[in-house]
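# Examining the three-dimensional arrangement
Take a look at the letters that make up each chain.
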Amino acid sequence: MTHALELKSLRKNFGKTEIIRGVDLAVEAGERIAIIGPNGAGKSTLFNLISGRLAPSSGEVLLDGQRIDGKKPFEINRLGLSRSFQITNIFPKLSVFENLRCGVLWSLGYRYSFLRFLSNLHDANARTEELIHQVGLDRKRDVQAVNLTYAEQRALEIGVTIAGGANVILLDEPTAGMSKTETSHFIALIKQVTVGKTLLTVEHDMGVVFGLADKIAVVVYGEVIAFDTPAAVRANARVQEAYLGSSVADAQGGAH
Amino acid sequence: QKGETVKIAWLDPLSGLMAAVGTNQLKTFQFLADEFNKKNAAGVKFEIIGIDNKLSPQETTSALRSAMDQGARYVVQGNGSGAALAIIDALEKNNARNPGKEVLYLNYAAVDPDLTNSKCSYWHFRLDADTSMKMEALTTFMKDQPDVKKVYLLNQNYSHGVQVAKYAKENLARKRPDVQIVGEDLHPLAQVRDFSPYIAKIKASGADTVITGNWGSDLSLLIKAANDAGLNNVKFYTYYGTVSGTPTAMGAASDGKVFQVGYGHYNMGGEIQRLSVDFNKKFKEDLYTSAAYTSLQMLVDGFVKAKSTDPVKVAAALEGMRFKSFNGEVEMRKTDHQLQQGLYVSKWEKAGGKFPIDSENTGYTFVPVKYYEPYVASTPTTCEMKRPSP
Amino acid sequence: MTNTQYYRFKPLNLGRFFIWSLFAIVLIVAPMVFKTSLALTMLSQMGYLIIICLSYNILLGQGGMLSFGHAVYVGLGSFIAIHAMNLASKGALPIPLVLIPVVGGLAGMFFAIILGFVTTKKSGTTFAMITLGIGELVASMALMFPGFFGGEGGITTDRVYGRPFFGLTFGPQIQVYYLIAVYCFICTALMYAFTGTPLGRILNAVRDNPERVEFIGYNTQRVRYFAFIIAGFFAGVGGGLAAINFEIVNAADSLNALRSGSYLLFTFLGGAIFFFGPIIGAVLLVFAAVLLSELSKAWQLYFGLVFVFMVMFAPGGIASLVMMNLRVAKFGKFKQFWPLYGGLLVAIIPVVIGAAALIEMIYHIQLNSALGPSLPFMGVSLDTSGVASWLGASLILVIGLIALEFARRRFVRAWGTAQEQIEAEIKRRELA
Amino acid sequence: MLKLQDIHAYYGKSHVLHGVSFDVGPGEIVALLGRNGSGRSTTAKAIMGLVHAEGTLRWKDKDILRKKAYEVAHMGIGYVPENRDIFPKLTVHQNLLLGQKGNGRGSRWSFDDMYGMFPRLKERQHTEAGVLSGGEQQMLTLCRTLMGDPDLIIIDEPTEGLAPKIVELVGQYLRTLKDKGISVLLIEQKLTIAMQISDRALVMGHGSIVFDGTPDSLRADATTRKEWLEV
Amino acid sequence: MNVEFFVISLLNGVSYGLLLFMLSSGLTLIFSMMGVLNFAHTSFYMLGAYVAYTLSGIIGFWPALFIAPLLVGALGAGFERYSLRRVHKFGHVPELLVTFGLSFLILEVVQLVWGRSTVPYALPSQLQGPLFTIYGTQFPKSRSFIMLVALLMLLSVWLLLTRTRIGLVIQAALKHPEMVEALGHNVPRVFMLVFGGGAALAGLAGVVGGNTYVTEPAMAASVGSIIFVVVVVGGLGSLAGAFLASLLIGIVQTFAVAMDQSMAGGLQAMGVAVTESSFGYPLLKLTISQVAPILPYLFLVLILIFRPKGLLGTRED
Ligand SMILES: Nc1ncnc2c1ncn2[C@@H]1O[C@H](COP(=O)(O)OP(=O)(O)OP(=O)(O)O)[C@@H](O)[C@H]1O
Ligand SMILES: Nc1ncnc2c1ncn2[C@@H]1O[C@H](COP(=O)(O)OP(=O)(O)OP(=O)(O)O)[C@@H](O)[C@H]1O
Ligand SMILES: CC(C)C[C@H](N)C(=O)O
Ligand SMILES: [Mg+2]
Ligand SMILES: [Mg+2]
């Protein structure tokens, strides 16, 4: 049986330091997974390995049963995996509309075409309009991305990520830097735009984690020490000790 | 004709690599035009319109058009055969397409032999001796130099340099079959900063003579490097030792080691010498493009002969005309419009005695060691001149 | 939603139609207004330089690729075009003159395919340096192959060959001009169209953030490579037209780094961030190269000064100045600026005159002293040996400078308020 | 120590702070709370001279309004910006080195102190800072500013992106700073930690201070919290 | 190749390499620290030569050796202060262009003040003549002096980079200038000093290069691109790399001049008949010595393709 995404004894070292020390993880289609873990545990690195930004030192990454480790990011993206970034990573000089349309183009098969006008690509434009609406940036349609506020940029970041219609989506701390209200807004948004898709997110905010995830993977020192339902993870003593600490997490978790 | 103003457009570089040379030549023309305006047989006034062609054939064509717009019917140019060719080409078309607005081109220094052979033109007159003629004179001189045994050819890798090398080999084979060519090098134009590797190579080859058509910094740096390395037993036979900057680079260190072939030298005596001295006083620079004098002299004589300043008539008058220039009697050969004039081989030595005028305040000068009558250096032409039907 | 979209686009399209028509009319009418042969030469040069600068801007402005070797593709296009013309006139190749620019374009494209493959592997400074290296290589090598490149003299041709094309022989410059104009229009339109294609847009994305482009499915190297090839094509077309125009092309002139540099400088001066910027740049290039150098021996000094000041004070080029004023006009605030601009102009005139007189006198001493101490300058005669001219010129300059500073302050203040009002207006509209 | 009176600040032409007044005493931890966009970061920048400001701004009885940022820093104010601003191509150690003023002699803090505080940084000290994890970068910025031996440290959202356990750790360290006599101006979003460790809480709204009191009184003041902090 | 020729060529190669390094050390400093592709670098080199020429006429060569670089450095600092600084915030391309414009201005001003031809800037008597003679070839004092100056430059720039934090401050300030200021560093002043320092190094190179070679208006343009090659081949940000690249290019170029082999010769040796009519004969017949001076550019292109960081570089863009 194939999983939507599967990691097999994945390892990565930078120079002498091993950052990812043998990760095995299998994610089923349609699952929402939250990845938590202390700072520097290797969560973002894991995302980088999956999305092709880094090549693993050893081990395998399988997307729908197909090996994707060692492939280039754009190849992986074309196979239906898309990611967002912890630090906002959009096209600053293009308008919101253009940002999103860029995200749409490849998946609709327009590739490197220079024989057709963008304005005549009705399907792409319609899809873009729909996306703008989904991420709630209608009012900012023609504003350059640099001029958006931080929260809007984060929304755009998500928009660009989901634009290609990938089935597996990785989000790296999507709500970082947002206030409580914005965060809850955003979770709703993420839930809505990823219906039916496989989702992996990295989060530190326990409120988000518990509100969003079907399952939680806990990464500590480059290893997955737990992969289970939220309740079970919260009860796990090792997780408590390694990551959650006491009061803060409780306070965060309790807020929702 | 008397009292008429004749506009001459000067199209040569005032910027870029050859700015120094161009600037000096423009001054030469302006200075000499002033002199001729004081008194000339035709009673005309010359006006020099200097236009910067940036040494570029393309810019030259636009410069030419603007010159014509300003009413110039004569153009002079000399730096670079590329620009020369562009002018010839443009004039062929212009003079055919616009009767009544013909323009004549006096070439005072572009020495590619092609210009008076395969590419010769009725509207083009060359006042300098071309590469082959100078090599003719130079090798005739070398024929009588028993110490020339091993020759090294070092030239710039572009048409002029390649031709110098080619004619040198041909002529030497003919006149001094015993001379050995021990090395030949072509280096990119104006790219070499350090010539010492070439000097090492020359030394290793055991050469006693170097023939080079290099000019500008390619010559200055070459000779400097030779002097620095103490290459004392090697003589340099050059084309462009007088060009701005090179005398300074040679200085005392090159005493007796550099030869040059040309249509003149610094101590010609007569009027040109007086002018040189005046020029030097005025601008603190040497007057080395005496072909400018020949150009103006030829025009004056041509005007007198044609009794007109109309280029068409003047062109006809110039063909085969003999006239007296600063270096004696010369002839504008009819077949190809190549001036036939005597050539000097001169040697870099301390100024003084009969040759008091030095170059660039170095205290040194090119002392003439041999003069060749026009026929000696004359080379045949393959030109099939197309003359306009009257 | 969809409604607003249509509402958005319609007036724009009308405006676009108007602008393109205007462009066509300018191209057609220009030689009727400016009749001297020099003007015609200049117009012809502008025509193909527009194509070249626009093609350069595909790299610089749209793709963020700083190339120091664009002349390579223009120049090689010229060479192939000229060889094609020579073959055609010998009857060896059945290509009519009107298609020669396309030959040049294909040549430019061919070399872009070959050389671009290695160049576009990298971006940023690395890209810039590779282009510099390749440019120097090609330029130096060209001089070593006189067989193909014609050495110093270059290759010449006669553009009048074959049967006339609808009665056109392309001998007279005016016919050549119109050939160039037609190509100029078509190429400009094509390149504009390119900005509206998927590849064109992704190219912008690559300029802004190449990393992210990889994560939306595009291979950035590939995108740069394709753009490079397209730019190479249009560069070659421009080169082909140049060959037709001059009937001569030589390596030292058309391939060197200086030439590449001038495409860069003027594209930038015109304004790389706007599509039409390079058009302005091309026009300026011709003025600077042909007119300025003829008007004054000090042209490089003027050029350097103008250039440095432009980069310092208008880094978006002339196009950005135009756009800024258009924006003010769009918000109906331009009226108050007429007198202010007038004031600036009035103040600048004496500055320019004074400075130019001084510079010209200095240059006169350096270059033209053979002609005596007096030089004609704007109708008056200056005397470099007398104190009066120097004093007068300095005085005019100083007065001008004071007036300029005064006018500038007033202008800046008004400009600031206008911008403030516009910002507020935009905010208000956004909220509405 | 630090005294702001009627500070107005502008980004270009847009007026962001409308008369901010408060002060920070020696060895005091003051929390500056407020919603997104209320102007807290701008206040910090105004103190550092990074935005154009008007009003009265005094530090240790000297006027520091319009002083350049490096002058302000040399007078003993340290600043940890919200977006981290680590120097990505420099190593962790070099980042810290840049925090030092002069040769670092006479500073209360040494490299060892920093590495002791966050052992993780010691492990990574020769790595380029740009590849550090988000949380590690946050630690690094804090330490970098401490290396400059400030008497007052302004920290803009230090717990952003930190794992809950580290958040607690940071809280502890801020208190250690206080024990060493250093004042702290803590800009925070997360009420929890700010309320735990601060001596005084300020609430900002629309570019001015709308509440100034102890954490307890803020806890008790439901209206202020409702209106200015929650939505 | 005999020992004699080999030794002399090696000496020539090293001395040319050091000349290149002397020309490019200031550029490395500016380029690696500030990221500015300073197109006016060689213009400062030229200015150094001209200023020294005038000064040595008044106060003698040795005082001029110190004063001319200072003047040129001050000019560079002034340029940074009043022009480059304004442009800095617009990005690298405008920075580069403004230096481009400056190179035009300097060239024109030099020509106005000193004229368009070569000036007789001569070596002081102490530097004239050979230092030693080897196998009958003299090694001039002037060249040894250049070598000495180049080594001193290497040492001082190296000290500057390793013993001070200036390098770090600048690199950091390129990314987050405000942050660096907030940490207490006077960033604008550091930028100005670095640019001025780079210009002064160029000026110094001019002072000693101008009289060893020629002092003329074309001297700036003629070394303009080669020094970029050095800096890039060595690796951006790497002083050691620039040094290595200089020596390498110097030596390779020198030895290449000695090689009269061509591809045609190589093919013939392998038994392939090559005649004038063979395809690509003009290319095949080029000898290595003919292309020697442009080998650095080939080198540059290859290096950038296969090792974009450069020989010893650590950064890629
Ligand atoms: N290119 C790299 N070279 C060297 N070390 C690296 C590199 N990339 C990441 N690391 C190291 O790997 C570790 C894991 O980093 P990663 O960004 O994956 O952490 P994380 O789990 O996402 O943490 P956070 O929650 O703080 O973002 C860090 O210690 C980081 O310094
Ligand atoms: N560089 C800028 N230019 C223009 N306006 C700005 C700029 N930075 C911030 N602002 C505006 O100033 C106001 C206050 O911003 P500030 O960053 O001080 O808020 P904050 O309270 O720190 O909020 P946050 O939680 O987002 O950090 C906001 O309305 C913001 O949009
Ligand atoms: C003036 C000369 C140095 C130029 C030379 N006559 C040439 O044809 O290239
Ligand atoms: Mg992370
Ligand atoms: Mg903030």
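Here the structure is a predicted model, which means the values were calculated and not measured. (Residues numbered from 1 in each chain as written. Chains lettered and ligands numbered in written order. Predicted model: local features only at pLDDT ≥ 70, side-chain atom pairs only at ≥ 80, totals over all residues. Heavy atoms only, no water.)

## Considering the overall build of chain C
Here is the rule: Every helix listed is a DSSP run of H or I at least four residues long, and every strand listed is a run of E at least two residues long, numbered separately from the N terminus. In this setup the radius of gyration rests on C-alpha atoms only. A globule is expected at 2.2 Å times the number of residues raised to 0.38. Each residue is assigned to one of three classes by its accessible area relative to the maximum for its type, calculated with a 1.4 Å probe on protein chains only: buried under 20%, partly exposed between the two thresholds, exposed over 50%.
Tallying secondary structure elements over chain C gives 17 helices and four strands in all. What you see for chain C is a C-alpha radius of gyration of 24 Å, in line with the 22 Å of a compact globule of 432 residues. Expressed along its principal axes, the backbone C-alpha trace of chain C runs to roughly 70 × 65 × 45 Å. Sorting the 432 residues of chain C into buried and exposed places 58% on the buried side.

## Thoughts on the domain arrangement of chain C
Note the cut-off: Residue ranges assigned to each domain were obtained from an automatic or database domain assignment.
Partitioning chain C into structural domains gives domain 1 (14–300) and domain 2 (331–431). On a C-alpha basis, the centroid separation for the pair domain 1 of chain C and domain 2 of chain C is 34 Å.

## With respect to the coordination of the magnesium ion (ligand 5)
Residue and element names in this part refer to chain D. Operational definition: Nitrogen, oxygen and sulfur within 2.8 Å of a metal are treated as its donors, or within 3.2 Å for sodium, potassium and calcium (Na, K, Ca); water is not counted, so a site can appear incomplete.
At 1.8 to 2.5 Å from the magnesium ion (ligand 5) lie its protein donor atoms, namely S41 (OG) and E82 (OE). On the criterion of sequence distance, the pair formed by S41 in helix α1 (residues 40–48) and E82 in the loop between β6 (77–80) and α3 (92–99) is long-range, its members being 41 residues apart. Given the relative accessible area of 35%, E82 is considered partly exposed.

## Here we look at the UniProt feature "transmembrane region" (unreviewed entry) in chain E
Residue and element names in this part refer to chain E. Definition in use: UniProt positions are given in the numbering used here, feature names are shortened, and annotations may be inferred rather than shown by experiment.
The UniProt record marks residues 16–39, 51–76, 96–114, 145–170, 190–214, 226–259 and 279–306 with the feature "transmembrane region" (unreviewed entry), using the residue numbering of this structure. The distance from the first to the last C-alpha atom of residues 16–39 is 22 Å, and the span holds 79% helix and 0% strand. Secondary structure within residues 279–306 divides into 71% helix and 0% strand; the distance between the first and last C-alpha atoms comes to 29 Å.

## Details of unusual backbone geometry
Residue and element names in this part refer to chain B. Even without a glycine there, the phi angle at K54 is positive, about 50°. In this fold, K54 is placed in the loop between β2 (45–52) and α2 (57–69). On the basis of relative accessibility, which here comes to 19%, the residue K54 falls in the buried class. Positive phi, close to 45°, is recorded for E360, a residue that is not glycine. Along the chain, the position of E360 falls in the loop between β14 (343–350) and β15 (364–372).

## Observations regarding the sheet that holds strand β2 (residues 14–24) of chain D
The strands making up a sheet are joined through hydrogen bonds of the backbone, oriented either antiparallel or parallel. All names here are of chain D. For the record, the criterion: For two strands to be treated as a pair, DSSP must find at least two bridges joining them. Residues count as neighbours in contact if any of their non-hydrogen atoms are within 4.5 Å of one another. Comment: axis = line fitted to C-alpha atoms, over the contacting stretch for helices; angle = value between 0 and 180 degrees taken between N-to-C directions.
Taken in spatial order, the four strands line up as β2-β1-β4-β5 in an open sheet, and their pairing is antiparallel. At either margin of the open sheet sits one strand with a lone partner, and together these are β2 and β5 (62–63). For strand β4 (residues 52–59) and β5, the ladder comprises two bridges, and the chain directions are antiparallel. Directly across from W59, in β5, lies its bridge partner K62. Along the sheet, α1 makes contact with β1 (2–11), β2 and β4, crossing β1 at roughly 105°.

## Section: the site of ligand 3
How we decide: Near residues are defined by distance, with any heavy atom within 4 Å of the molecule or strand qualifying the residue. Pairs of N or O atoms within 3.5 Å make up the polar contacts considered here, provided that, within protein, one atom can donate a hydrogen while the other can accept it, and that residues adjacent in sequence are counted only when both atoms are side-chain atoms. For every accessible area listed, the method is Shrake-Rupley and the probe measures 1.4 Å; residues are considered covered only by the protein chains on display. Residues are grouped as follows: Ala, Val, Leu, Ile, Met, Phe, Trp, Tyr, Cys and Pro are nonpolar; Asp, Glu, Lys and Arg are charged; every other residue, Gly included, is polar.
Close contacts around ligand 3 come from M18, N79, S81, A109, V111, Y158, W215 and Y240 of chain B together with E152 of chain C, and that covers them all. In this structure, ligand 3 sits where chains B and C come together, each supplying nearby residues. At 2.9 Å, a side-chain N or O of Y240 of chain B approaches a nitrogen atom of ligand 3. Protein burial of ligand 3: of its 290 Å² of free accessible surface, 98% is covered by the chains. Here the shell around ligand 3 is built from residues that sort into six nonpolar, two polar and one charged.

## Thoughts on the interface of chain D and chain E
Defined as follows: Buried area is calculated as the accessible area (1.4 Å probe) missing from two parts once they are joined, with the contributions of both summed.
Listed by partner, the interface residues are 23 residues for chain D and 16 residues for chain E. Looking only at chain D, the three residues that lose the most surface to chain E are Y70, F87 and L98 of chain D, adding up to 34% of its buried area. Those elements giving two or more residues to the side of chain D that touches chain E turn out to be α2 (69–74), α3 and α6 (134–147) of chain D.

## Quick look at the site of ligand 1
Around ligand 1, the surrounding shell holds 22 residues, and the nearest of these are K43, S44 and T45 of chain A together with G135 and E136 of chain D. Near ligand 1, the surrounding residues are drawn from chains A and D. V131 of chain D is positioned such that a nitrogen or oxygen atom in its backbone is 3.4 Å from a nitrogen atom of ligand 1. Here ligand 1 loses 91% of its free accessible area of 640 Å² to cover by the protein chains. In terms of residue class, the shell around ligand 1 is made up of six nonpolar, 11 polar and five charged.

## Some points on the interface of chain C and chain E
Operational definition: Here, a salt bridge means any Lys or Arg side-chain nitrogen found within 4 Å of an Asp or Glu carboxyl oxygen.
Contacts between chain C and chain E engage 36 residues on the former and 44 residues on the latter. When residues of chain C are sorted by the area they lose upon contact with chain E, M129, L137 and M312 of chain C head the list and together hold 15% of the total. Counting across the interface, chain C meets chain E through zero salt bridges. Elements that contribute at least two residues to the side of chain C that touches chain E include exactly α5 (124–144), α12 (257–270), α14 (299–313) and α16 (337–367) of chain C. Take the side of chain C that touches chain E: its biggest share by element is 12 residues, from α5 of chain C.

## Let's talk about the nonpolar core
The criterion, for reference: What is meant by a nonpolar core is a set of buried Ala, Val, Leu, Ile, Met, Phe, Trp, Tyr and Cys residues, joined one to another through side-chain atoms within 4.5 Å.
Of all hydrophobic cores here, the largest spans 339 residues; its most connected members are I77 and I154 of chain D together with M34 and F44 of chain E. Tallying contributions element by element places helix α2 (residues 37–63) of chain C first for this core, with 16 residues. In terms of domain composition, this core takes at least three residues from each of domain 1 (14–300) and domain 2 (331–431) of chain C. Dropping the residues within four chain positions of it, I77 of chain D is found in contact with L2, I47, M48, W59, I64, V72, P150, L152 and I154 of chain D. With 88 residues, the next largest nonpolar core counts V148, M321, L343 and Y344 of chain B among its residues.

## A closer look at the arrangement of the chains
The two units chain B and chain D remain apart, with a minimum C-alpha distance of 37 Å. Between chain A and chain E there is no contact; the minimum C-alpha to C-alpha separation amounts to 14 Å.

## Examining the sheet that holds strand β10 (residues 258–262) of chain B
All names here are of chain B. In space, the seven strands of this open sheet follow the order β7-β6-β8-β9-β10-β14-β15, with mixed pairing throughout. Strand pairing shows two members of the sheet lacking a second neighbour, β7 (180–187) and β15, which therefore form its edges. The average angle at which neighbouring strand axes cross in this sheet is 25°, direction not considered. Where strand β9 (residues 235–238) meets β10, three bridges bridge the pair, whose relative direction is parallel. Within the sheet, the bridge partner assigned to Y237 lies in β10 and is F259. Where helix α5 (residues 159–175) meets the sheet, its contacts fall on β6 (150–156), β7 and β8 (209–212), and the angle it forms with β6 comes to roughly 160°.

## Regarding the packing of aromatic side chains
For the record, the criterion: When the centres of two rings from Phe, Tyr and Trp lie within 6.5 Å, Trp using its six-membered ring, the rings pair. Their planes under 30 degrees apart give stacked, over 60 give edge-to-face, and anything left gives tilted.
Scanning the model with the defined rule gives 64 aromatic pairs over all chains in all. Geometrically, the ring pair formed by W62 of chain E and F145 of chain E is edge-to-face, given 5.7 Å between the ring centres and 85° between the ring planes. Highlighted residues: W62 of chain E in helix α3 (residues 61–88) and F145 of chain E in helix α5 (residues 141–163), separated in sequence by 83 residues. Under the relative-accessibility criterion, W62 of chain E is labelled partly exposed at 31%. Among the aromatic residues, those joined into a cluster by ring pairs are F68, F266, F303 and F307 of chain C together with F39, F100, F104 and F228 of chain E.

## Describing the packing of α3 of chain D against helix α6 (residues 166–175) of chain E
Stated formally: Small angles under 35 degrees read as roughly parallel and large ones over 145 as roughly antiparallel, with 65 to 115 read as roughly perpendicular and the rest as oblique.
The interhelical angle for the contact between α3 of chain D and α6 of chain E, taken along N-to-C directions, is 100°, at an axis separation of 10 Å. Here α6 of chain E runs roughly perpendicular to α3 of chain D, going by the angle between their axes. Taking contact as the criterion, the partners of Q94, L97 and L98 of chain D in α3 of chain D are, on α6 of chain E, L168, V169 and A172 of chain E. For the contact of α3 of chain D with α6 of chain E, the residue count by class is five nonpolar, one polar and no charged.

## Quick notes on the environment of P210 of chain C
Residue and element names in this part refer to chain C. Among the secondary structure elements, P210 is positioned in helix α9 (residues 210–214). On the basis of relative accessibility, which here comes to 31%, the residue P210 falls in the partly exposed class. The residues contacting P210, other than those within four sequence positions of it, are A205 and T220.

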